[in-house]
Amino acid sequence: MTSEMTARAPLVELRNMSVSFGGVHAVNDVTVDLYPGEIVGIVGGNGAGKSTLIKTLSGAQRADSGQIFIDGEPVSINTPRDAKALGVETIYQTLALADNLDSPSNMFLGRELVTRWRTLDDSGMEDAARKVMTRLNPKFQNFKVPVASLSGGQRQGVAIARAVHFNARILIMDEPTAALGPAETEQVRGLMRRLQQEGIGIFLISHDIHDVFDLAGRISVMLQGKLVGTVNKDDVTMDEVLAMIIIGKLPEEVTKTELEQLHG
Amino acid sequence: MSVVEAPPTQSDTPEQSTRRSFGSFLRDNEIDTRMAGMIALLLVIWVGFHFLSGGTFLTPRNLWNLSVQTSTVGIMATGMVLVIVSRNIDLSVGSMVGVVGMVMAILQFEWLPPLMGLGNQWIWIITIVIGLALGALIGAFQGSIIAYAGVPSFIVTLGGLLVWRGFAWLTASGRTLAPMDATFQLLGGGSRGSLGETGSWVVGGVACIGIVALLVLGRRRRRKFGFRLRPMWLDVTLGVFGCAVVLGAVWVTNSYYLPESIAREVAEERGIPWPQGGLQIPLGIPYPVLILIGVTLVMGFIANRRRFGRNIYAIGGNPEAAELGGINTRRTIVKTFMTMGILVGVSAAVSIARLNAAVSGLGTLSELYVIAAAVIGGTSLSGGIGTIPGAILGALVMQSLQSGMVLLGVGAPMQDVVLGVVLVTAVAIDATFRRRTAR
């Protein structure tokens, strides 16, 4: 699987990215990549720099150095708008929904459809929302209520629908299931697999290692702003990934005693 | 998706659905329950005062005056809704009315007549254009400091409250400027400043056609996309109710007649012989109210049908999400304050026209009435929630209370006490209501 992927240029490559906040290296010379139809997990403890790294791709954070490539071409992403224009959609941990607006308005937040009179095309937006949501969650019917009154899973559904509607090629999901119950988590996982089958590349940021093991093909581990390494899920055990997260040692470097101490 | 009836929500147990049936019926049919409640409240206030005052409240004369008195606050309240929805506040509008009013007065009183000749028909137009431009400029200036320098709007406009009041005085060294240009005066809705009988019926007729057209177009659009339609009887009821309100209001304004002395003048001008027993000339819709209606329509359109408006609501709901969604939040904030400034210009024009004079204290404390109108009308100070028609109703509720108390002979200090209590009570009820329906 990996050999045939490396033959092509990756869908996205973040090369030698660095971000610092007042002398603290939040992200220090990190390189990760992603292929079409692949889910890459980015894991690490709190403050490891996962979210900051990925924000450089979503346009929410400027990198101090490094270069982003999409389809092998260098691109410059300075604002969320730039990222969206390149097919990068982000689903944030905080959901990034305006609670007072209904789901169609949220789907089209900042990219509202307008009629030829330059007025908002609410019916058109509702129609598009209904079409996407039928694909994702056929039971969903609450198109006219503020998203504040939706459940966590439904809200996540709106955020995902937004990405799907705008034909994301690259999807960034920052802790997509952190706020969800078990059934809703399963629903979101199902969605991610479906998107993956459609050829979308997904960066999954999570500190839930089970989530990542369940979904991702490759796992990139960060610790204190640095990349510990990227491993194929099938080649490692969960404990070995834990060792990378906690003590920053690759599976070939870590000793048996260290692995046992992880559970001590 | 082409079925007309929506399938019932699955989570509804029978008892839940009966308990919520009326509320959800209204919601399913996109009827604003808050609005309906406010209209009911207004009617209660009106009928209450009518009885307490021994039948003087619901008279054409009182309602006509009430509508004129509501317009200056109402015009600004529509802009204040958007400012508050965007999680900001504008405390400077009263002082802005002062300085903009002063500049407009000095233009038509001192600067333009020597250049163009006294009574030139262009004077009032140029005055208004410059006044609105000045309002827009001040608004944009304050908005830029808020959006780009990151100073909280409370502080910027608190500063503005002092600065613009100071400039209002400095513009004419504290003099009172009067009178205004003859045409300009009409904007204030004095005895000559209204549309007259025929014109008012025409406006009412056009409004009715508009209401029906909106309902029909709404149905057509929903059918095109295969969405659920309102039941026909409900649309018909809404249409009939809307037209009845409009035509009723026109009838009221047409039932208020010019006082005899002015009626004599008008009769003379038109060459009508003064008949035995006098002549009853209906006033019709006052110009300030016409302006208020126009402003409400434009602002409602901006708030609901334009991207700019939707973006303001998005910023109020979640500024971070708006930014991440690609909305240019800073520019939107500047434009919001600019809109507020233009409305201040409109309101200032009506104010000085009505007073037929400009004084440097013009508009003092009106920021508080404007904010109160928006808030009583359901605008939430935490942002994201508020409607333009709500603010107009809020302004009308406040003005009704004030006029009603005047009719009852309640003194000014007690009026303030009542208004203050009503403001807080309205918000408290609203907050409880909102918390309940959020569940």
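Coordinates for the structure precede this section.
Since the model is a prediction, treat every value here as computed from it, not as a measurement.

Peer 1: Would you mind going over the overall build of chain B in detail, with residue names and values included?
Peer 2: The helix and strand tally for chain B stands at 18 helices and zero strands. Oriented by its inertia axes, the alpha-carbon framework of chain B measures out at about 75 × 65 × 45 Å. Counting over 439 residues, chain B shows a buried share of 42%. Considering only residue pairs separated by 6 or more positions, chain B has 79% of its internal contacts joining residues 24 or more positions apart.

Peer 1: If you had to explain the overall build of chain A to someone new, which residues and values would you point to?
Peer 2: Broken down by element type, chain A carries 10 helices and 10 strands. On C-alpha atoms alone, chain A measures out to a radius of gyration of 19 Å, which is about the 18 Å that the 2.2 N^0.38 rule sets for 264 residues. For chain A, the spread of C-alpha atoms along the three principal axes comes to 65 × 40 × 40 Å. For chain A, buried positions account for 45% of its 264 residues. Within chain A, contacts between residues separated by at least 24 positions form 63% of all contacts whose residues are at least 6 apart in sequence.

Peer 1: Report on unusual backbone geometry, specifying residues and quantitative values.
Peer 2: Residues Ala 178 of chain B and Pro 179 of chain B are joined by a peptide bond in cis, for which omega reads -5°. Mapping Pro 179 of chain B onto the fold places it in the loop between helix H7 (153-171) and helix H8 (182-185). For Glu 175 of chain A, which is not a glycine, the phi torsion comes out positive at approximately 50°. On the secondary structure map, Glu 175 of chain A appears in the loop between strand E7 (170-174) and helix H7 (182-197). Residue class for Glu 175 of chain A comes out partly exposed when judged on the 19 C-beta atoms lying within 10 Å of it. Even without glycine at this site, Asn 356 of chain B takes up a positive phi of about 55°. Within the element layout of this structure, Asn 356 of chain B appears in the loop between helix H15 (329-355) and helix H16 (366-376).

Peer 1: Tell me about the sheet that holds E7 of chain A, residues and numbers included.
Peer 2: Strand pairs in the sheet, formed through backbone hydrogen bonds, run parallel or antiparallel to each other. Residue and element names in this part refer to chain A. Sheet architecture is open: six strands sit in the order E6-E7-E8-E3-E9-E10, paired in mixed fashion. Only two strands of the sheet have a single neighbouring strand rather than two, namely strand E6 (88-91) and strand E10 (226-232). Ignoring strand direction, the axes of neighbouring strands in this sheet form an average angle of 20°. The pairing of strand E3 (residues 39-43) with strand E9 (residues 218-223) spans four bridges and is classified as parallel.

Peer 1: I'd like a rundown of the nonpolar core, residues and numbers included.
Peer 2: The tendency in soluble globular proteins is for nonpolar side chains to be buried as a group. Phe 203 and Leu 204 of chain A together with Ala 77, Met 80, Val 370, Ala 373 and Ala 374 of chain B are the most contacted members of the largest nonpolar core, which totals 177 residues. Of the residues forming this core, the biggest block, 14 residues, is contributed by H15 of chain B. With sequence-adjacent residues up to four places away left out, Met 80 of chain B is seen in contact with Asp 90, Met 340, Val 370, Ile 371, Ala 374 and Ala 391 of chain B.

Peer 1: Give me the environment of Asn 46 of chain A: which residues, what numbers.
Peer 2: Residue and element names in this part refer to chain A. Within the element layout of this structure, Asn 46 appears in the loop between E3 and helix H2 (50-58). Assessed through the 7 C-beta atoms surrounding it within 10 Å, Asn 46 is described here as exposed. Separated by 133 residues in sequence, Asn 46 and Ala 179 place their C-alpha atoms 16 Å apart.

Peer 1: Can you break down the interface of chain B and chain A residue by residue, with the values?
Peer 2: If you look at the interface, chain B gives 27 residues, while chain A gives 28 residues. The leading source of residues in the side of chain B that touches chain A is helix H13 (residues 307-317) of chain B, at six residues. Grouping the constituent residues of the side of chain B that touches chain A by class yields 12 nonpolar, eight polar and seven charged.

Peer 1: Help me get a handle on the sheet that holds strand E2 (residues 24-34) of chain A, residues and values and all.
Peer 2: All names here are of chain A. The strand order across the open sheet formed by four strands is E2-E1-E4-E5, and the pairing between neighbours is antiparallel. One side of each edge strand has no neighbouring strand; the edge strands of this open sheet are E2 and strand E5 (73-75). Neighbour-to-neighbour, the strand axes of this sheet turn through a mean angle of 30°, independent of strand direction. Two strands pair when backbone bridges link them, and strand E1 (residues 12-21) and strand E4 (residues 65-70) are joined in this way by five bridges, in the antiparallel orientation. Bridge pairing in E4 places Arg 15 opposite Gln 67. Of the strands in this sheet, E1, E2 and E4 touch H2, which is tilted by about 120° from E1.

Peer 1: Describe in detail the packing of helix H6 (residues 122-148) of chain B against H15 of chain B, supporting the description with residues and values.
Peer 2: Residue and element names in this part refer to chain B. Where H6 contacts H15, the axes come no closer than 7 Å and their chain directions differ by 150°. It follows that H6 is roughly antiparallel to H15 by the angle criterion. Of the two possible hands of crossing, H6 and H15 adopt the one that is right-handed. The residue inventory of the contact of H6 with H15, partitioned by class, reads 19 nonpolar, nine polar and one charged.

Peer 1: With reference to specific residues and values, describe the environment of Gly 48 of chain B.
Peer 2: Tracing the backbone shows Gly 48 of chain B in helix H3 (residues 33-52). Separated by 139 residues in sequence, Gly 48 of chain B and Leu 187 of chain B place their C-alpha atoms 32 Å apart.

Reading the values: the criteria
- Residues numbered from 1 in each chain as written.
- Chains lettered and ligands numbered in written order.
- Predicted model: local features only at pLDDT ≥ 70, side-chain atom pairs only at ≥ 80, totals over all residues.
- Helix = DSSP H or I, 4+ residues; strand = E, 2+ residues; numbered from the N terminus.
- Buried ≥ 20, exposed ≤ 12 C-beta atoms within 10 Å, placed from the backbone.
- Contact = placed C-beta atoms within 7 Å.
- Rg over C-alpha atoms; globule rule 2.2 N^0.38 Å.
- Pairing = 2+ DSSP bridges.
- Axes fitted to C-alpha atoms, helices over the stretch in contact; angles between N-to-C directions.
- Core = buried A, V, L, I, M, F, W, Y, C linked by C-beta atoms within 7 Å.
- Nonpolar A, V, L, I, M, F, W, Y, C, P; charged D, E, K, R; others polar.
- Parallel < 35°, antiparallel > 145°, perpendicular 65-115°, else oblique.
- Left-handed = near helix turned anticlockwise from the far one by under 90°.

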